Amino acid sequence: MDLEKFFDTVCQSKLIEVLSRTVKDGRVISLIHKYLNAGVVANGKFERTEVGMPQGGPLSPLLSNIMLNELDKELESRGHRFVRYADDCMIFCKSRKSAERTLENIIPFIEGKLFLKVNRKKTKVAHISKVKYLGYTYYRYEGTTKRN
């Protein structure tokens with residue numbers, strides 16, 4: 001599954017809401033909010049950042065995992081097996097039909113509750129042997145799955 005322009009489109013208010021559920025120190029929340037709203041200089045001009053988070057910054061992996069932990073909880077509550085690293089995710093199903101149904105049912109959660117966009121062109125249902133994930137290809141060899 002591919003989340004379209006994840007770091008550029010994260011809803012900051014949703015992220016702050018998710019953070020506020022566990023982080024009770026308002027100073028930490030305020031500092032993160034200021035970090036998100038610090039803005040950027042592009043082509044010599046300052047631009048406000050009201051949406052998204054800095055990609056490649058020191059907090060971006062942590063904040064992306066906090067935000068997408070909501071997706072993890074949802075997938076777990078539905079009984080799905082999955083693997084996710086930052087904004088890259090694979091959901092494992094026993095059949096193509098099950099995978100198509102799972103994708104159809106999880107997209108409304110991602111887009112409606114997390115306010116993120118699923119890139120439908122890059123998101124696909126495929127056998128594990130036909131997919132690359134974080135640079136790895138998986139294939140069957142003599143009855144066991146090997147990592148290439």
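Residues numbered from 1 in each chain as written. Predicted model: local features only at pLDDT ≥ 70, side-chain atom pairs only at ≥ 80, totals over all residues. Heavy atoms only, no water.

Caption draft 1: A look at the overall build of the protein chain. Per the secondary structure count, the protein chain includes five helices and seven strands. Seen along its three principal axes, the alpha-carbon backbone of the protein chain occupies a region of about 55 × 35 × 25 Å. Burial status across the protein chain gives 34% buried among its 148 residues. Nonlocal contacts in the protein chain, meaning residues at least 24 apart in sequence, comprise 54% of its contacts between residues at least 6 apart. Approximately 10,000 Å² of the protein chain is accessible, and the part contributed by carbon and sulfur atoms is 52%. Side chains of the protein chain give 27 positive and 17 negative charges; the mean places of these two sets differ by 4 Å. (Helix = DSSP H or I, 4+ residues; strand = E, 2+ residues; numbered from the N terminus. Buried < 20%, exposed > 50% of the residue type's maximum accessible area, 1.4 Å probe, protein only. Contact = heavy atoms within 4.5 Å. Areas by Shrake-Rupley, 256 points an atom, 1.4 Å probe, with all protein chains shown as cover. Lys, Arg positive; Asp, Glu negative; His and termini not counted. Charge placed at Lys NZ, Arg CZ, Asp CG, Glu CD.)

Caption draft 2: Examining the pattern of salt bridges more closely. A full pass over the atoms with the stated rule returns 11 salt bridges. Between aspartate 25 and arginine 27 there is a salt bridge, and its shortest N-O distance comes to 2.9 Å. Taking relative accessible area as the criterion, arginine 27 reaches 65% and is therefore assigned exposed. Among the salt bridges present, the one from aspartate 72 reaches arginine 84, with a minimum N-O distance of 2.7 Å. (Salt bridge = Lys/Arg side-chain N within 4 Å of Asp/Glu carboxyl O.)

Caption draft 3: Highlighting the pairing of strand β4 (residues 88-92). As defined by bridge partners, strand β3 (residues 81-85) adjoins β4 across five bridges and the pair is classed as antiparallel. Of the residues in β4, the one forming a bridge with phenylalanine 82 is isoleucine 91. Counted along the chain from β3 to the antiparallel partner β4, the turn is two residues long, and its residue alanine 86 has a positive phi close to 50 degrees. (Pairing = 2+ DSSP bridges.)

Caption draft 4: Broad picture of the packing of helix α2 (residues 12-22) against helix α3 (residues 26-36). With their axes 11 Å apart at the nearest point, α2 and α3 run at an angle of 160 degrees to one another. Put simply, α2 runs roughly antiparallel to α3. Handedness of the α2/α3 crossing: right-handed. Contacts between α2 and α3 pair Gln12, Leu15, Ile16, Leu19 and Ser20 from the former with Ile29, Ile32, His33 and Leu36 from the latter. Taken together, the residues of the contact of α2 with α3 break down into six nonpolar, three polar and no charged. (Axes fitted to C-alpha atoms, helices over the stretch in contact; angles between N-to-C directions. Parallel < 35°, antiparallel > 145°, perpendicular 65-115°, else oblique. Left-handed = near helix turned anticlockwise from the far one by under 90°. Nonpolar A, V, L, I, M, F, W, Y, C, P; charged D, E, K, R; others polar.)

Caption draft 5: Here's a closer look at the packing of α2 against helix α4 (residues 60-77). Their axes nearest at 10 Å, the elements α2 and α4 cross at an angle of 85 degrees. By the angle class used here, α2 and α4 are roughly perpendicular. The segment α2 lies against α4, with Lys14, Leu15, Val18, Leu19 and Arg21 engaging Leu63, Ile66, Met67 and Glu70. In terms of residue class, the contact of α2 with α4 is made up of six nonpolar, no polar and three charged.

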